[in-house]
Structure formats: structure tokens, C-alpha cells
Amino acid sequence: AQSVTQLDSHVSVSEGTPVLLRCNYSSSYSPSLFWYVQHPNKGLQLLLKYTSAATLVKGINGFEAEFKKSETSFHLTKPSAHMSDAAEYFCVVSDLGTDKLIFGTGTRLQVFP
Amino acid sequence: GAGVSQSPSNKVTEKGKDVELRCDPISGHTALYWYRQSLGQGLEFLIYFQGNSAPDKSGLPSDRFSAERTGGSVSTLTIQRTQQEDSAVYLCASSSLSGVYTEAFFGQGTRLTVV
């Protein structure tokens, strides 16, 4: 069965510094991977998705993620954090057999001025 | 519609009562998902529809939970004899195709409080 593990439940950064949110996946075949963001009292929004066309995926708001098969990782990064990036971030894998989206437990990102 | 619509946005119910939660997916989307998000928790998969059929019901927590989808569109999640542990935000999502790279669009959720 496929699964994702988000290694940090909370990450705190200062505004203007880099962001790294870690995600490892478990899959017996080539997975499809997504990052979703949930701002307080708002719905879930897709940040980016891995489609196998390129291992480095660029998303909205300056975020990007790199698919590393050898490390079974799909970490989310941003060079410079902004206050508006404060939110909950979810790493997601799509189950090939059922199309079910399997969510990680989430990482809460705090950005300090 | 423009997005996934869920109703009601908030529901407070007494323990033991039945509730129905509604999801209107994006027009033309064949896949529909229900998830549950408890306070401070991640998203828990409940059920997935492809058209009107549900290939995966594995996430329904008990036989008090059921869901249906009619006309390949609107879906209703029903919780019978609600319990306090059912309190959560129930999220619905839809996507246009069955496929591993297809983005799912989420509604704003229904916040259910069982008192």
C-alpha cells in the first residue's frame, strides 16, 4: 500500500529565509505526488504535482518540489518565506489502483517577521 | 458551478440524531471523494465515487456512515445516530478523470458539531 510521511508536524521560519517541508513516500511503483496547502478557514488548494515529466516541479507562489526516487522523497521548498505562506501543508500520494488520494498528517508552517 | 459546493457549511446536531451532508461537484467531474478532518489532524479518507459507483468504501468508520451519488453528480454523506466523535470537518473533492495525475478540487467543507 502507498503512504506518505511528513517528517515535521511544525516548521517555523523567519520571513525572507528558505522553507523546507519534508515528505517521504512509500510505493511499490512510480507514484503520483502532490502538495496541497490549507490556509486558516479556507479550503485545500493544489500547490503542485509530480507528473513524471520532470523531477523538479514548480508550483504556485514560488514553491517547488523535487522528486527523488533514490531517496523516496518529495520535499517542498521555497527560497524566501513570506508571511502569507503561514498555513498547513499536506503531501499527498495517489493510489494507482483506486485513485484514492492518501494524505500525510500535515506540516504547520509558521512565518515570523 | 465554478467550484465544489458543500452544504451546510456548519451543522450542530444532538447526539443520536441523523445528519445529511451534501456535495455538489464541479460540473462534468466523474470522480468524487469524501474526507474527514478532525481538529489538528490530517485528512482521513472516507469513500470514493467513480460515476455513481463506489469502488472504495474502505474508509467509512462504521455502519452508521453511508454515502450515495446520483446522476453522476450530487453526493450525500449520511451519518446515523451521530456520536460526539463524529464531530469534524467533512470535505468533498472532485476531479475530472480517473487518473493518477488528475488534480482534485476541494470544497470548503461542512463543520459538524455533535453536542
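1. So, the interface of chain A and chain B
Many analyses report the size of an interface as the accessible area lost when the parts associate.
Link 1 in the chain: Taken residue by residue, the interface counts 23 residues in chain A and 20 residues in chain B.
Link 2 in the chain: Counting the surface lost from both chain A and chain B, the interface buries some 1800 Å², and carbon and sulfur atoms represent 54% of this.
Link 3 in the chain: Here chain A and chain B share zero salt bridges between them.
Link 4 in the chain: Taken together, the links from chain A to chain B amount to four residue pairs in polar contact (both at pLDDT 80 or more).
Link 5 in the chain: Contributing elements (two or more residues each) for the side of chain A that touches chain B: β5 (32-38), β6 (44-50), β10 (87-94) and β11 (101-103) of chain A.

2. Comments concerning the pattern of salt bridges
Residue and element names in this part refer to chain B.
Link 1 in the chain: The tally for this structure, following the rule as stated, stands at eight salt bridges over all chains.
Link 2 in the chain: For the salt bridge of R22 with D24, the shortest nitrogen-to-oxygen distance reads 2.9 Å.
Link 3 in the chain: Given a relative accessible area of 38%, R22 falls into the partly exposed group.
Link 4 in the chain: Judged by relative accessible area, D24 falls into the partly exposed class, the value being 23%.

3. What about the state of the cysteines?
Residue and element names in this part refer to chain B.
Link 1 in the chain: Throughout the structure, instances matching the rule amount to two disulfides over all chains.
Link 2 in the chain: The disulfide that involves C23 links it to C92, with 1.9 Å between the sulfurs. Looking down the S-S bond of the C23 and C92 bridge, the torsion is -65°, so its handedness is left-handed. Note that C23 is positioned in strand β3 (residues 19-24) and C92 in strand β9 (residues 88-95), a separation of 69 residues in sequence.
Link 3 in the chain: For C23, a relative accessible area of 0% corresponds to the buried category.
Link 4 in the chain: Residue class for C92 comes out buried when judged on its relative accessible area of 0%.

4. Points about the pairing of strand β8 (residues 64-68) of chain A
All names here are of chain A.
Link 1 in the chain: Residues of β8 alternate between two faces, with A65 and F67 buried on one and E64, E66 and K68 left unburied on the opposite face.
Link 2 in the chain: In terms of strand pairing, strand β7 (residues 56-58) meets β8 through three bridges, oriented antiparallel. Paired with L56 across the strands is E66, a residue of β8.
Link 3 in the chain: The turn linking β7 back onto β8 is made up of five residues, and N61 within it adopts a positive phi angle of 60°.
Link 4 in the chain: Here β8 pairs with strand β9 (residues 73-78) via five bridges, running antiparallel. Bridge pairing in β9 links E64 to T77.
Link 5 in the chain: In this structure, the hairpin formed by β8 and β9 is closed by a connection of four residues, where T72 is found at a positive phi of approximately 45°.

Criteria and thresholds
Residues numbered from 1 in each chain as written. Chains lettered and ligands numbered in written order. Predicted model: local features only at pLDDT ≥ 70, side-chain atom pairs only at ≥ 80, totals over all residues. Heavy atoms only, no water. Contact = heavy atoms within 4.5 Å. Buried area = accessible area lost by both parts, 1.4 Å probe. Salt bridge = Lys/Arg side-chain N within 4 Å of Asp/Glu carboxyl O. Polar contact = N/O pair within 3.5 Å; in protein donor to acceptor, adjacent residues only side chain to side chain. Helix = DSSP H or I, 4+ residues; strand = E, 2+ residues; numbered from the N terminus. Buried < 20%, exposed > 50% of the residue type's maximum accessible area, 1.4 Å probe, protein only. Disulfide = S-S within 2.5 Å. Pairing = 2+ DSSP bridges.

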